[in-house]
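One-letter residues, chain by chain:
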Amino acid sequence: MSRLAGRPRQTRPTSSPEVARLEGEIAELRRELDELRSEARRAAELYDLVFEGLRREDAAR
């Protein structure tokens, strides 16, 4: 998101190369979001495994 913070606001890209550049930025941001979503899912899975293990350990006592 920091790449977008200092960008001046424009209502419409002024040229084809700019449109291509913006499309490239959008594609990269989408890839980054997909990676973050995947990492968040994996963290949630690990969290669930840890607490399930703790629950089983507690029940065994």
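Reading the values: the criteria
Residues numbered from 1 in each chain as written. Predicted model: local features only at pLDDT ≥ 70, side-chain atom pairs only at ≥ 80, totals over all residues. Heavy atoms only, no water. Phe/Tyr/Trp six-rings, centres within 6.5 Å; stacked < 30°, edge-to-face > 60°. Helix = DSSP H or I, 4+ residues; strand = E, 2+ residues; numbered from the N terminus. Buried < 20%, exposed > 50% of the residue type's maximum accessible area, 1.4 Å probe, protein only. Salt bridge = Lys/Arg side-chain N within 4 Å of Asp/Glu carboxyl O.

In total, this model carries one aromatic pair according to the counting rule given. Taken together, a centroid distance of 4.6 Å and an interplanar angle of 45° make the contact between Tyr47 and Phe51 tilted. Residue Tyr47 and its partner Phe51 are located together in helix H2 (residues 16–60), separated by four residues, close to a single helical turn. Looking at Tyr47, the relative accessible area reads 52%, which means it is exposed.

With that settled, the discussion passes to the pattern of salt bridges. Taken as a whole and assessed by the stated rule, the structure comprises seven salt bridges. The partner of Arg21 in a salt bridge is Glu18, with the nearest N and O atoms 3.8 Å apart. Taken as a pair, Arg21 and Glu18 lie in helix H2 at a separation of three residues, close to a single helical turn. Given the relative accessible area of 39%, Arg21 is considered partly exposed. A salt bridge links Arg42 to Glu45; the shortest N-O distance between them is 3.2 Å. Of this pair, Arg42 and Glu45 both sit in helix H2, three residues apart, roughly one helical turn. Residue Glu45 is classed as partly exposed on the basis of its relative accessible area of 43%. Bridged by salt links that share partners, the residues Glu18, Arg21 and Glu25 form one connected network.

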